[in-house]
Amino acid sequence: MQSVVAIGRDGVSERDLVARDARFRAAIEPLVKVAYRVLQRLGVRSGEVDDAVQVVLVAADRKFDDIATRADLKAYVCAACVNVARDVGRRRTRRAAEGSPLDELEEDPPSEQAGPADLLERKQTLALVHHILEGMLPERREVFVLYELEELTGREIADHLGVPAGTVASRLRKAREDFRTAFELAHAERANEGRGT
Amino acid sequence: MKQPSFPPRLSESSSDERLVDALDVARGYDPSPVRVRGALARFEAERAGTSPSSAPSVVGRGTTAALKVGAIAAIAVALAGGWTVVRSGADPSPPPNETASLNAPPPEPASKAPPAPAPSEATSIRVDDLPTAAAPPPAPKPAARAAGSMSFDDELALVESARTALAKGDASACLARLDEYDRRVQKGTFEREVAVMRIEASIARGETARARSLGAAFLAESPNSPYANRIRSLLARTQPTSTP
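Definitions and limits used
- Residues numbered from 1 in each chain as written.
- Chains lettered and ligands numbered in written order.
- Predicted model: local features only at pLDDT ≥ 70, side-chain atom pairs only at ≥ 80, totals over all residues.
- Helix = DSSP H or I, 4+ residues; strand = E, 2+ residues; numbered from the N terminus.
- Buried ≥ 20, exposed ≤ 12 C-beta atoms within 10 Å, placed from the backbone.
- Contact = placed C-beta atoms within 7 Å.
- Axes fitted to C-alpha atoms, helices over the stretch in contact; angles between N-to-C directions.
- Left-handed = near helix turned anticlockwise from the far one by under 90°.
- Nonpolar A, V, L, I, M, F, W, Y, C, P; charged D, E, K, R; others polar.
- Core = buried A, V, L, I, M, F, W, Y, C linked by C-beta atoms within 7 Å.
- Domains from an automatic or database assignment.
- Expected span 1.5 Å × (residues − 1).
- Arc of directions from axis to C-beta.

(A) Summary view of the overall build of chain A. Scanning chain A from terminus to terminus reveals 8 helices and 0 strands. Taken from the N to the C terminus, the helices and strands of chain A come in the order α-α-α-α-α-α-α-α. For chain A, buried positions account for 42% of its 197 residues. Of the contacts formed within chain A by residues at least 6 apart in sequence, a portion of 64% connects residues at least 24 apart.

(B) Spatial organisation of unusual backbone geometry. The phi dihedral of Glu151 of chain A is positive, around 60°, even though this residue is not glycine. Topologically, Glu151 of chain A is positioned in the loop between α6 (138-149) and α7 (154-161).

(C) Layout of the packing of helix α1 (residues 14-41) of chain A against helix α3 (residues 70-91) of chain A. Residues and elements named next belong to chain A. Interhelical geometry of α1 versus α3 gives an angle of 35° and a closest axis separation of 10 Å. Both α1 and α3 take part in a crossing whose hand is right-handed. Facing α1, whose interface residues are Ala27, Leu31, Val34, Ala35, Val38 and Leu39, α3 presents Arg70, Leu73, Lys74, Val77, Cys78, Cys81, Val84 and Ala85. Of the residues belonging to the contact of α1 with α3, the class tally is 12 nonpolar, no polar and 2 charged.

(D) Expanded view of the nonpolar core. Ranked by internal contacts, the top residues of the largest apolar core, which has 65 residues, are Ala35, Leu39, Val53, Val56, Val77, Cys78 and Cys81 of chain A. Mapping this core onto the domain boundaries places at least three of its residues in each of domain 1 (1-99) and domain 2 (108-197) of chain A. Cys81 of chain A has contacts with Ala35, Val38, Leu39, Leu42 and Val56 of chain A, leaving out every residue within four places of it along the chain. Counting residues in each nonpolar core, the second largest holds 26 residues, with Leu158, Leu178, Ala211 and Phe218 of chain B among its members.

(E) Spotlight on helix α9 (residues 208-221) of chain B. Residues and elements named next belong to chain B. For α9, built from 14 residues, the straight-helix expectation of 20 Å at 1.5 Å per residue is met to within 8% by its first-to-last C-alpha distance of 20 Å. Along α9, the residues classified as buried are Ala211, Leu214, Gly215 and Phe218. Seen from one end, α9 has its buried residues packed into an arc of 100°, which puts them on one side. Looking at α9, the residues exposed on the side facing more than 90 degrees away from the buried face are Ala209, Ala216, Ala217 and Ala220. Close packing links the buried residues of α9 with α8 (191-204) and α10 (228-238).

Take a look at the structure:
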């Protein structure tokens, strides 16, 4: 009988497994924050996102040996986030879906020198973008987030979401219109509020 | 078959400066690095089978453990020093070559042993310098960490209430809770975070001399702490421009 110490998953030696896991760790580490922000942008809440990230990491780990480049791995992680976010959305209770406090967007302030006003404005901008994304149709939001914010290519999005490139282009066009409209509306409302006070 | 063309990204092509700025801010959003490290540590713990819980199959509801990781990370970051962890250490994971093969050998073989918060070879921050709360090792029960009579949950709640008080501008209430923490917990999980918060609260209450004294003591003891730059920054603001 072979030693369980020497032989690990699928008959691969433990040394190979360790090396493979080290490669995975080096490759996935910069993408963990990508997973967090994509999930958040796709509507996954603060109390859900830690578990959701774990699901994405497990999926990426399982798929890792079939992925050739870092760009492919990022695209795969983003697509996995889309699927996990959809799943989270389906499972979530209506009550849990309510509210989008600014605290959910806790992040590193951009610099130590940034003053409170700068930080507040940045947080408000993040909240605005988050709010607009929340109001978008999920399939448009997914494409918008991956293309405009994560800078995947249209082809990557199509390949990893399993939809035709034409569909991606169409969703992107509509998503951009939605985003622009909501953005202008938000600023118009803000301007009106400013005049009213 | 004709391939659709994709337009330039809005942030590169829009004439609406506000829109471009907003997208730039959104693109620059990075979640807390402490939280990110916690996620990686948790993943490795579960993969190595050292965690009581297996890989999560339910993602619709946060588990208690997940919520605690989030809360700990939030505290570690929000307690004023968190951002310094990254800013002072730079991005621990600089953008790699996107087309690089994933089969390149890793920098160093990683251990499959129970996870550290972040293996030192992958970061520019020494593990010892990470906030103690960043990524709790899975083996000990959280409640066993507080050396005093306080459970982990109570410890967490107390620190969170102190942070909330400080965020609301009530430095006195913050300090009262920190005093309670010191009374009830010895060598607690949030020892460093409490120290940083005490400095901030002292400054907020105008007790600059005390803040300087606390800050100097902290820096003398932990000059390489990820909170060190934050404390230096805080202390720099207390430098008198005129005699009080």
